[in-house]
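Secondary and tertiary structure notes
Here is how the chains run, residue by residue.
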Amino acid sequence: MTSTYRYLPDTKQDQEEMLALLTISSVDELFEDVPKEIRLDGELNIPNAVPEPLLVKKMHQLSSQNKHANHYPIFLGAGTYDHYIPSVVNHVISRSEFYTAYTPYQPEISQGELQAIFEFQTMVCELTGMDVANSSMYDGPTSLAEAASLAITSTRRSKVIVSKSVHPESRAILNTVSGGLEYTVEEAALDGDITDLEKLQEQMDQDTAAVIVQYPNFFGSIEDLTKIKTISEEKGALFIVSANPLALALLEAPGKLGADIVIGDMQPLGIPMSFGGPHCGYFAVKKKMMRKVPGRIVGQTTDDQGKRGFVLTLQAREQHIRRDKASSNICSNQALNALASAVCMASLGKEGIRQMAQLNIEKADYMAKCLQKKGFNVKNKAPFFNEFIVEFPLPVKEVNGKLLEAGMIGGFDLGNDYRLENEMLIAVTEQRTKEEIDQFVKVLEAMKNG
Amino acid sequence: MVEYNELIFEMSRQGRIGSSLPESDVDKVDLHDKLPAHLIRDMPAELPEVSELQLIRHYTALSNKNHGIDNGFYPLGSCTMKYNPKINEDVARFEGFSRIHPYQPVETVQGALKLLHELQEDLAEVTGMDAVTLQPSAGAQGEWTGLMMVKAYFEQKGEKRIKVLVPDSAHGTNPASATVAGFKTVTIPSNEDGLVDLAELKKHVGHDTAALMLTNPNTLGLFEKDIVDIAKVVHEAGGLLYYDGANANAILGKTTPGNMGFDIVHLNLHKTFTTPHGGGGPGAGPVGVKEKLIPYLPVPRIEKENDQYVLNSHHPLSIGRVKGYYGNFGILVRAYTYIRTMGPVGLRQVSESAVLHANYLRKKLEPYFESPYSQYCKHEFVLSGSRQKKLGVRTLDMAKRLLDFGYHPPTIYFPLNVEECMMIEPTETESKETMDAFAEAMIQIAKEVEENPDVVLEAPHTTIIGRLDEVQAARQPILRYSKEE
Ligand SMILES: Cc1ncc(COP(=O)(O)O)c(C=O)c1O
């Protein structure tokens, strides 16, 4: 079995020497404890090996079958956004000291990763206005579900209320997760583009562990967190906010408005859309819940000489110690993407992130106004961030077909999840130029008139 | 080397910036015209203010304080720290993969869906399963997804089964996932050969058994020879068999969980299939199932209709969604690229080499350390530091001493059923010279324990920082930087 594969270094002589030490004549002897009846005879039925040059070509062909945002200006958001990623981000995460390391179990040789995550935790705390953030979760939707489960276990109550203005996928995952731990999920109704607060208040009871809203919500609208906090507090429920971290550059931090848990996805800051993953969930709480947070947390400490250093800490919460009593089953997380977003946040900096958020607001505002001028109905009543709903006289699928012909990727069809026929959720990030926006509006105008 | 110990916040100076955004080309908006004052931030988030070069120097300095596979040997058992191929990194960054949105019309992402569909088929073949979901983000999420399917399956059959059995050697995520899926965990002790004790298993298996979760080769690196009987015992009681395939590096092309009798499998693509660990993620934990569990797979499923790839959510018995969108696509692209690089013959050689390497290294170390099991190991093996413990040196100390030789230590104190455990996984991508050198370091440490234990007890000596006070970290947690300090 001497190898011709570039990842396998054994020469024939190496093998012979290894076999000789083991006093066996072939590798097969090492597999003799695998019962004969379950061994594979013959090779796996998968395609044969492809040499690197041909494989690169093949992968280029496959990737070129996808229409991507560099060629097609994209107006889709709905939880995943086309934002500019500073060049430094990819350079830093391409350093293989970072990306080929495991979870930092040996702090003496993992200080780089540990410190970078400590800094990430700090940045998340700054944006959310919370005291403690963990080192990342799988993604925004799974963070939301973990937050709900944490609320259930820490309040010992049996249901959570989630607004219908929360991302449909987050609600879907929450439903799956709640089926495991067997708690109830109720949805709070909408009043147009925001949560119906009167109905929410009626729904609240002593069994309610938490109220969950999104900020800005799925329709781009900015919910009034202060009012929702009051409603949830009245019944002693926790207040969970799923927030877009970019929007938090300009919006008041949920932590300042009474949130007990803030979760979300760092994708807008430094992480490519990548067909929906990997992105990077974040999870932040107030100090009193510090010892209940799921996942890894990095803490600062000192070495035997008193020198500052960093370690994984508060591990008594975690699966490798607590096993079936752990606060969550999460083990691997999204560390490299947490690093990417930390680099992005450091690159934008205190001023840059505000500038970027401001650009998003202005571009979306401009596009909404242009559409209104052409007689299209923008449905958001509440102020919105970089997304809004537009109603067209035609099915969204048709509109998007036309936009695609004109070289653009249109918005999200609200017909499926919300039964809002002919209504499209449009995202306008800082990446969209005035020209692209005007072009979009022109295509729609032509459609309307034609 | 000059020691670097600065936080990025400490080098921040007001007025510096590390990026440049375009001026707005549309009308200005005053937020105060849009929003009530209490929803507008008045205190900016204190993000660092650094120039681009400062940023790069900072992170380069941090990277220099980190050990990855590319720096040196990393025999961390149960983690399969094999080489992470560079072509995979390039391909995942192709704009046709990295710059596509999950909600684009399916006609515009046929290449991506084709890749995912083919990967599903390849992984089904490798595991001997009938269908695969790529949605789970990591091994633990795969376990939970699998167990949610177990739950749905029995609910559909109208059976109430609340127990999940796990051996005492199981990874911590197994019992934790069982809890999150709403099951009770029952721990099955291993026998003195390190294998599932069939008699004990029979005692615990019954009409309330939903599933047995097993790793095979198990976490001691031993192949469960009685697997066919184990499967029979569980199946005869009406339960299902769950395969924790986080570490599948010993079985590629040799056998499959399907052949062994398992009904559900998860794989860690960030182990066996070379996708990088990234300092703790992101990974991917696809789950394969046998025919009878297909209706319960998460939605949307990636299917082929005529010549089109589609996303299908119309599966009424599905457990629903487990993660946003369709999985960690960028990771799946890397694994696909790896599988295409290796092909069937290459993958089989991977497992053969991985197993040969582990046995070779074990043989070299056996004279110096307690080796609790005599059966040939598979891709990894455990040693016990019990001999050294009697001399006052613990496994943790030896692990720290290994740092002085430039190695990442093995996994320590796992599995829990081996005293002072060291779990070593050399992987197939390491050369014999590397393993020989590592063995020499280990042997030297064993001698030091006998002759000069202080040098081990006080290790590490050459790292940039000494042993850190973990108790202090947990008692007085400092979990973020604050200016006041
Ligand atoms: C045997 C085993 N099972 C499960 C897991 C969990 O996988 P992950 O960290 O991807 O959640 C691991 C990895 O740590 C493992 O080694």
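Read on for an overview of the structure. (Residues numbered from 1 in each chain as written. Chains lettered and ligands numbered in written order. Predicted model: local features only at pLDDT ≥ 70, side-chain atom pairs only at ≥ 80, totals over all residues. Heavy atoms only, no water.)

Regarding the interface of chain B and chain A
Across the contact, 202 residues belong to chain B and 194 residues belong to chain A. Carbon and sulfur atoms supply 61% of the area buried between chain B and chain A, which totals about 17600 Å² over both sides. Counting the surface chain B buries against chain A, the share from its top three residues, Arg-41, Arg-99 and Leu-479 of chain B, is 5%. Here chain B and chain A share 13 salt bridges between them. A salt bridge links Arg-480 of chain B to Glu-126 of chain A, with the shortest nitrogen-to-oxygen separation between them at 2.8 Å. Summed over the shared surface of chain B and chain A, the number is 103 residue pairs in polar contact (both at pLDDT 80 or more). A per-element tally of the side of chain B that touches chain A places helix H11 (residues 329-365) of chain B first, with 28 residues. The residue inventory of the side of chain B that touches chain A, partitioned by class, reads 94 nonpolar, 62 polar and 46 charged. (Contact = heavy atoms within 4.5 Å. Buried area = accessible area lost by both parts, 1.4 Å probe. Salt bridge = Lys/Arg side-chain N within 4 Å of Asp/Glu carboxyl O. Polar contact = N/O pair within 3.5 Å; in protein donor to acceptor, adjacent residues only side chain to side chain. Helix = DSSP H or I, 4+ residues; strand = E, 2+ residues; numbered from the N terminus. Nonpolar A, V, L, I, M, F, W, Y, C, P; charged D, E, K, R; others polar.)

Side note on the site of the ligand
For the ligand, the set of nearby residues contains 16 residues, the closest of which are Ser-332 of chain A together with Ser-78, Asp-244, His-270 and Lys-271 of chain B. One chain alone does not account for the residues near the ligand; they come from chains A and B. Measuring from a nitrogen atom of the ligand, one finds a side-chain N or O atom of Asp-244 of chain B at 2.6 Å. Here the shell around the ligand takes three residues from helix H6 (residues 139-157) of chain B, the largest share from any one element. Per-class residue counts for the shell around the ligand are five nonpolar, eight polar and three charged. (Near = heavy atom within 4 Å.)

Here's the deal with the packing of helix H5 (residues 110-127) of chain B against H11 of chain B
All names here are of chain B. H11 packs onto H5 with a crossing angle of 50° between their chain directions and a minimal axis gap of 10 Å. Judged by the inter-axis angle, H5 sits oblique to H11. For the pair H5 and H11, the crossing hand works out as left-handed. Two secondary-structure elements touch here, H5 through Ala-112, Leu-115, Leu-116, Glu-118, Leu-119, Asp-122, Leu-123 and Val-126 and H11 through Phe-329, Leu-332, Val-333, Tyr-336, Ile-339, Arg-340 and Leu-347. Residue composition of the contact of H5 with H11, by class: twelve nonpolar, no polar and three charged. (Axes fitted to C-alpha atoms, helices over the stretch in contact; angles between N-to-C directions. Parallel < 35°, antiparallel > 145°, perpendicular 65-115°, else oblique. Left-handed = near helix turned anticlockwise from the far one by under 90°.)

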